[in-house]
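# Structural characterization, general
One letter stands for each residue in the lines below.
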Amino acid sequence: MADIPRAQDELFGGHRSAREKYSALVVGRPGWSALIHYELVQLWSQHVPGALGLALRQRLYPSLLGACGRNVVFGQNVTIRHPHKLCIGDNVVIDDNCLVDAKGESNGGITIGSGVFIGRNSILSCKNGDIEIADGANIGFNCEVFSAARVELGPRALLAAYCYVIGGDHDWKDAARPVLEQGRVASGVRIGAGAWLGAGAKVLDGTVVGDDAIVGAGAVVNADVPPHAIAVGVPARVVGSRAEKAGA
């Protein structure tokens, strides 16, 4: 069971100054130098529209990151938290209004491989977990990938719009206590190479979607989906195989 503090606890609890709390929640590093560097990059480039904004972010954002390859495009209003724990490969697009949050005290953070596309309004969110997105993966708009353990998206995995990959959950077993007062459980999620999640699909904690599997639109995956399988429904159930379709 993971003990993960809420943002309210981090902002309003303890005896740290407002600056120290903000730095811990957003910047991820103590001290004035890291804070000023982060704030100046955001001020000079985050909200700037058009080609000028793209050029400024391409020049300035990598200075915040753990690693950044060539030809990385950051859209307008992209927000990055704990940026030193974000590593990005080559030829990556992070579209407008995305949140990339590598927050955690002991996690490795977020790794994005080469050739990855992350659609606008999507969220990659860590709560002391790790997210690894392999080369060529594609995340549609308005998706969320959450990790309190480890979430992996394999090479050329495809998430259509409004998908939710949930690498963690609330403990709810004590009926005498509100769920918010109980701890979290987190086993992680793995989406295999070449897998496709249809629009609005949900993949719950502790599950694996196998290589080249297809999960239908709106399905809820609460158990493993074998490689090459086609799964639909709530909860998702296997209704066929891509191998069978290919041989038909």
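A brief structural summary. (Residues numbered from 1 in each chain as written. Predicted model: local features only at pLDDT ≥ 70, side-chain atom pairs only at ≥ 80, totals over all residues. Heavy atoms only, no water.)

## Examining the environment of Gly66
Tracing the sequence through the fold places Gly66 in the loop between helix H4 (50-60) and strand E1 (67-68). Sequence-wise, Gly66 and Ile133 are 67 residues apart; in three dimensions their C-alpha atoms are separated by 15 Å. Discounting residues that sit within four places of it in the chain, Gly66 has contacts with Pro83, His84, Leu86 and Cys87. (Helix = DSSP H or I, 4+ residues; strand = E, 2+ residues; numbered from the N terminus. Contact = heavy atoms within 4.5 Å.)

## Notes on the pairing of strand E24 (residues 229-232)
Inspection of the sheet shows strand E22 (residues 214-215) paired to E24 by 2 bridges, in the parallel sense. Bridge pairing in E24 places Ile214 opposite Ile230. (Pairing = 2+ DSSP bridges.)

## Some words on the packing of aromatic side chains
A complete count under the given rule lists 2 aromatic pairs for this structure. Centre to centre, the rings of Tyr61 and Phe74 are 4.9 Å apart; their planes meet at 45 degrees, and the pair counts as tilted. Taken together, the positions of Tyr61 in the loop between H4 and E1 and Phe74 in strand E2 (residues 73-74) put the pair 13 residues apart, joining distant regions of the chain. Aromatic side chains Phe141 and Tyr162 sit 5.7 Å apart centroid to centroid with 80 degrees between the ring planes, which places their arrangement in the edge-to-face category. On the criterion of sequence distance, the pair formed by Phe141 in the loop between strand E11 (138-139) and strand E12 (144-147) and Tyr162 in the loop between strand E14 (158-159) and strand E15 (164-167) is long-range, its members being 21 residues apart. Residue classification places Phe141 among the partly exposed positions, given a relative accessible area of 41%. Directly above the aromatic system of Trp32 lies the positively charged group of Arg19, at a separation of 4.6 Å from the ring centroid. (Phe/Tyr/Trp six-rings, centres within 6.5 Å; stacked < 30°, edge-to-face > 60°. Buried < 20%, exposed > 50% of the residue type's maximum accessible area, 1.4 Å probe, protein only. Lys NZ or Arg CZ within 6 Å of the ring centre and 35° of its normal.)

## Comments concerning the side chain of His82
Among the secondary structure elements, His82 is positioned in the loop between strand E3 (79-81) and strand E4 (86-88). The contacts of His82, once residues within four sequence positions are left out, are Ala24, Leu25, Val26, Val27, Gly28, Ala102, Lys103 and Gly104.

## Comments concerning helix H2 (residues 18-27)
Of the positions making up H2, those classed as buried are Lys21, Ser23, Leu25, Val26 and Val27. Positive phi shows up at Gly28, right after H2, with a value of about 85 degrees.

## Brief notes about the pattern of salt bridges
Summed over the entire model, instances satisfying the criterion amount to 7 salt bridges. Because the salt bridges share partners, they merge into one network encompassing Arg81, Asp101 and Lys103. (Salt bridge = Lys/Arg side-chain N within 4 Å of Asp/Glu carboxyl O.)

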